[in-house]
Amino acid sequence: MNDSDHFAPQRRPHHIVQAAILATVLVSTMHAQPPDTIIARTNPGPAQLRQVWAVYGNESDYLGQGIGGIPDINGDGINEFAVKFPDGYHVFYGSKEPLSKTPAMVLPVGGSHPITGDFWGTGHAAVGGLRGSGQGTEYTNLIYLYRSEGSSIDTVHPVIMDPRTMTTPALTSISDVVAADLDGDGADELIVLPGGVRRNGSLNAFAEIWIYRGGTNFQLDSPTVILHDNESVSGGLGIYVGHWDSDQYMDVAVSIGYRDGPDKLKFWFGNAGSPWNWTTPEHEVQFGGLVALDCDGDGVLDIAAPDTPNNTTYLYLSGGSKSIHTRTLAIDDADVKFYRKGFTVPMRMGYLGDSLKRYEMLGIGGADDVGPTTVFGFNGGPSGPDHLYDVYEASGEVFSLRTPLADVTGDGWNDWMIGYSERGFHAGFAAIYAGGPYIPRDSTSGVEDVAVAGVRTAISVWPNPARDELHIAWRGDLHRMPTRFTAHDMLGRLVAEGRVEPWRGEALWNCSGRPAGVYILSIYSDDNSLLATTRIIKQ
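Description of the structure in this document. (Residues numbered from 1 in each chain as written. Predicted model: local features only at pLDDT ≥ 70, side-chain atom pairs only at ≥ 80, totals over all residues. Heavy atoms only, no water.)

Below, the discussion takes up the overall build of the protein. Counting its secondary structure elements, the protein contains 1 helix and 39 strands. In summary, the protein has a C-alpha radius of gyration of 26 Å against a globular reference of 24 Å for 539 residues, a match within 12%. For the protein, the residues scored as buried account for 52% of the 539 residues in total. Of all intrachain contacts in the protein linking residues separated by at least 6 positions in sequence, the fraction that spans at least 24 positions is 52%. (Helix = DSSP H or I, 4+ residues; strand = E, 2+ residues; numbered from the N terminus. Rg over C-alpha atoms; globule rule 2.2 N^0.38 Å. Buried < 20%, exposed > 50% of the residue type's maximum accessible area, 1.4 Å probe, protein only. Contact = heavy atoms within 4.5 Å.)

For the rest of this paragraph, the subject is the nonpolar core. Counting residues in hydrophobic clusters, the biggest one holds 25 residues, and the most contacted among them are I459, L470, I472, W474, F485, W509 and L521. Among all residues touching L521, those that are not within four sequence positions of it are V461, L470, I472, T486, A487, A532, T533, T534 and I536. The next biggest cluster of nonpolar side chains, apart from the first, holds 20 residues, and it includes I191, A207, I209 and W278. (Core = buried A, V, L, I, M, F, W, Y, C linked by side-chain atoms within 4.5 Å.)

Time to look at the sheet that holds strand β2 (residues 47-48). The sheet built from 5 strands is open, its strands ordered β2-β28-β27-β26-β25 with mixed pairing. For this open sheet the edge positions go to β2 and β25 (343-348), each flanked by a neighbour on one side alone. In terms of strand pairing, strand β27 (residues 374-378) meets strand β28 (residues 391-393) through 3 bridges, oriented antiparallel. Pairing of G377 across the sheet is with V391, part of β28. (Pairing = 2+ DSSP bridges.)

This part is about the environment of V156. In this structure, V156 sits in the loop between β11 (152-153) and β12 (159-161). Residue class for V156 comes out exposed when judged on its relative accessible area of 60%. Measuring from C-alpha to C-alpha, the distance between V156 and I331 comes to 51 Å, with 175 residues separating the pair along the chain.

A few words on the pattern of salt bridges. Under the defined criterion, the tally for this structure stands at 22 salt bridges. The partner of K266 in a salt bridge is D229, and the shortest N-O contact between them spans 2.6 Å. With K266 in strand β19 (residues 264-268) and D229 in strand β17 (residues 225-242), this residue pair connects regions lying 37 residues apart in the sequence. One salt bridge connects R475 with D477, and the closest N-O pair in it is separated by 2.8 Å. (Salt bridge = Lys/Arg side-chain N within 4 Å of Asp/Glu carboxyl O.)

Before going further, it helps to spend a moment on the packing of aromatic side chains. The geometry of an aromatic ring pair is captured by the separation of the ring centres together with the interplanar angle, meaning the angle of the planes. Overall, the coordinates contain 19 aromatic pairs when judged by the stated rule. Plain terms: the ring middles of F267 and F269 are 5.6 Å apart, the flat faces sit at 5° to each other, and that makes the pair stacked. For the pair F267 and F269, a shared accessibility class is recorded, and that class is buried. For the ring pair F287 and Y316, a centre distance of 5.8 Å and an interplane angle of 75° mean the geometry is edge-to-face. Linking F287 in the loop between β20 (283-286) and β21 (291-293) with Y316 in strand β23 (residues 312-316), this pair joins segments that are 29 residues apart in sequence. A relative accessible area of 8% places F287 in the buried class. (Phe/Tyr/Trp six-rings, centres within 6.5 Å; stacked < 30°, edge-to-face > 60°.)

Take unusual backbone geometry next. Here the residue pair W462 and P463 is connected by a cis peptide bond, since its omega of -15° sits within 30 degrees of zero. Along the chain, P463 turns up in the loop between β33 (455-462) and β34 (469-474). Backbone geometry places Y62, a non-glycine residue, at a positive phi of 55°. Structurally, Y62 is set in the loop between β3 (50-56) and β4 (67-70). Using a relative accessible area of 29% as the deciding quantity, one classes Y62 as partly exposed. Of note in the backbone geometry, N528 takes a positive phi value of approximately 70° without being a glycine.

This paragraph deals with the side chain of K538. Positionally, K538 belongs in strand β39 (residues 530-538). Excluding residues that lie within four positions of it along the chain, K538 makes contacts with A466, R467, C511, S512, R514, P515, A516, G517 and Y519.

Counting through the fold element by element, P275 comes out in the loop between β19 and β20. Between the alpha carbons of P275 and D181 there is a distance of 10.0 Å; along the sequence they are 94 residues apart. For P275, the residues in contact, after removing those within four places along its chain, are L182, D183, I211 and V225.

Before going further, it helps to examine the pairing of β34. Along β34, 5 of the 6 residues are buried, which leaves the element largely enclosed by surrounding structure. Bridge analysis of β33 against β34 gives 4 bridges, and the strand direction is antiparallel. When the bridges of β34 are listed, I459 appears paired with W474. The turn joining β33 and β34, which pair antiparallel and follow one another in sequence, is formed by 6 residues. Pairing of β34 with strand β37 (residues 506-510) involves 5 bridges; the strand directions are antiparallel. Paired with L470 across the strands is W509, a residue of β37.

A few words now on the sheet that holds β21. Strand order in the open sheet formed by 4 strands is β21-β22-β23-β24, with antiparallel pairing between adjacent strands. Whereas interior strands pair on both sides, the edge strands pair on one side only; in this sheet they are β21 and β24 (336-339). Strand after strand, the sheet turns through a mean of 20° between neighbouring axes, direction not considered. In this structure, strand β22 (residues 302-307) lies alongside β23, joined through 5 bridges in antiparallel fashion. Its bridge partner lying in β23, A304 is registered against L315. (Axes fitted to C-alpha atoms, helices over the stretch in contact; angles between N-to-C directions.)

Next up on the list: the environment of Y62. It is 19 Å that separates the C-alpha atoms of Y62 and G128, two residues lying 66 residues apart in sequence. Excluding anything up to four places from it in sequence, Y62 contacts K84, S421, E422, H426 and A427.

The next point concerns the side chain of D118. Along the polypeptide, D118 turns up in the loop between β8 (110-117) and β9 (126-133). Salt bridges are absent for the buried D118, whose nearest opposite-charge side chain, R147, sits at 7.1 Å. At a separation of 2.9 Å, a polar atom in the side chain of D118 contacts the main-chain amide nitrogen of G123. (Lys, Arg positive; Asp, Glu negative; His and termini not counted. Polar contact = N/O pair within 3.5 Å; in protein donor to acceptor, adjacent residues only side chain to side chain.)

Shown next as structure tokens:
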């Protein structure tokens, strides 16, 4: 293992993503002081993720067996989220205010994540999950979908997938369900991966993929197409839908564990008639557990995979000359290797550190011999992440489920959710961590909000009055992002200026060398349009 493969507890900010405004001060009582040079600089240390919401169950509740995000239901422009409780999925509304622990509704379904998709192509998502029915060899999973119209969900008239009523009746235990627009018509397909199918009393040991066509005639009576595998399955099933190559069509990969051989990853690649003309997989590799994410920002999925015996996480990037159509995904095929003893749990953390939603964050979790359970997050980039982590979570909480969330806190930054149903005698818990820069809203921090285009909290500056440093942070969903900053004294003299990358969300002006007084901070967008000005008092 090369030293360059290690990742170490160093660098990156005091905040998740922070660009600094560094003032170089020349103090003179005889000559005019030149303007400070404002530059973006490398951040000095990683940030601790901020937990903004958590719920805990009682003994044997198994709370957190399922977690996930839900599109905006109540029409306030903020996404929702859901947690599996004993009586089903509790749906919570996202909010700019502190997130409520009282659910907006309860859906009597389960599964490791809620099912969400615009299956009818109306622009309104349906939400649902799994139910069980029957006993012993007559047990089967059912799918319940609840349509949303306007600002609510119809919980009275679910659309039900019952395999017992299919053209050829079946019983199944469902391993995974995904919604995605596979044929590009604007309506999502429902993609179901059964863990095994029993028909006419006989168990089909081969994997199947059931695809239900989305559109105005969406139905769950029978799959539109069933894809068949040709090897005996033992378990470990998962669906990964997205762009696995650089063409315009959606692809599907399925991770399958086999009875008579190693786990495999099998691919169906999109084309002009897919998925309705798919038959057998077009490519397969021997491969076990994985996380699919886009951390190099090219719109094509990358793969992170663990190697627990060797304390290594391997990252296979989609960029470059290696095509997934022929790639082996062997260890020596990996593009980046992350080595740290005890840390081999890769995870997708979404766009926590990029307001432009280009580069997903790679998480790696674990624990060494002396420290608590910790997650390290690595911001992506054009060449993927480097070995210096940007954020960490070190509460010691163990969790088995984790998922990126769209913005549920109303600040324009994506968030992240975890869950673990085994915590505390199966009581379970779930928690949300906020993306974007930390803005201290306590009464002593001196935060001042600056409005832009009618958005009251578009930009925040603190502390004001300032003594040594002035922090500047902004929402992640502004139509025009802050890019350039200037500061002038009351005589109109320029005292500081500089540019930052707007996706970072935060800047810092070291004003310690400036005399006490009032300064005007001006904030500009990338087209040099003035976004806002505000008065800064320097003590």
